[in-house]
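Next come the chains, spelled out residue by residue.
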Amino acid sequence: MGVKHGRDYEGILTDLTQALSRIPDRYVFFEMDSEEWSRLGEAEQLEVDEALAEDLFYALGEESIIPVGSGVVIHDKDQHRIHILIGEEELTFVPLI
């Protein structure tokens, strides 16, 4: 189903893809290791990041907190945002409206 949003879906996915790229080991979400990730070209890594963003957008409609590698992605329904954190440090957020 995905999360409720007022912004253009494509814009949200673009922003979420960029935000997720800040998690250095995000590839673990797809059960890849660092060697497999490093063998991918830049375009292939972008495709994986885009798939991750899309998967998370829909999964966050069911689960509000999802671990991604060393980070965590949180859907804040009250503020209409998706937060990306590593530990206690917020890296960035993606507005949904």
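In short, a report on the structure. (Residues numbered from 1 in each chain as written. Predicted model: local features only at pLDDT ≥ 70, side-chain atom pairs only at ≥ 80, totals over all residues. Heavy atoms only, no water.)

Comments concerning a negative patch on the surface
A cluster of like negative charges, contributed by Asp8, Glu10, Glu54 and Asp55, occupies part of the molecular surface. Along the chain, Glu54 turns up in helix 3 (residues 42-59). Of the residues examined, Glu54 reaches a relative accessible area of 39% and is grouped as partly exposed. (Patch = residues over 30% accessible without salt bridge, like charges linked within 9 Å, V, L, I, M, F, W, Y side chains within 5 Å. Areas by Shrake-Rupley, 256 points an atom, 1.4 Å probe, with all protein chains shown as cover. Salt bridge = Lys/Arg side-chain N within 4 Å of Asp/Glu carboxyl O. Lys, Arg positive; Asp, Glu negative; His and termini not counted. Charge placed at Lys NZ, Arg CZ, Asp CG, Glu CD. Helix = DSSP H or I, 4+ residues; strand = E, 2+ residues; numbered from the N terminus. Buried < 20%, exposed > 50% of the residue type's maximum accessible area, 1.4 Å probe, protein only.)

Notes on the layout of surface pockets
Quantified by volume, the largest pocket comes out at close to 190 Å³. Along its surface, the largest pocket is lined by 13 residues, and Gly2, Val3, Lys4, His75 and Lys77 are the ones closest to its centre. Counted by class, the lining of the largest pocket contains 5 nonpolar, 5 polar and 3 charged residues. (1 Å grid on protein atoms, 1.4 Å probe; cavity = no way out; pocket = protein on both sides within 12 Å on 5 of 7 lines; lining within 4 Å. Points joined across faces, edges and corners; volume = space filled by probe spheres on them. Nonpolar A, V, L, I, M, F, W, Y, C, P; charged D, E, K, R; others polar.)

Points about the sheet that holds strand 3 (residues 81-86)
What holds strands together in a sheet is hydrogen bonding between their backbones, with the strands either parallel or antiparallel. Taken in spatial order, the 4 strands of this open sheet run 1-2-3-4, and their pairing is antiparallel. Only two strands of the sheet have a single neighbouring strand rather than two, namely strand 1 (65-68) and strand 4 (89-95). Here the average twist between neighbouring strands, direction ignored, is 20°. Across 4 bridges, the pairing between strand 1 and strand 2 (residues 71-76) is antiparallel. By the bridge assignment, Pro67 is partnered in strand 2 with Val72. Contacts from helix 1 (residues 9-20) reach strand 2, strand 3 and strand 4 within the one sheet, and its direction differs from that of strand 4 by about 170°. (Pairing = 2+ DSSP bridges. Axes fitted to C-alpha atoms, helices over the stretch in contact; angles between N-to-C directions. Contact = heavy atoms within 4.5 Å.)

Treat this as a map of the structure, not an account of what it does.
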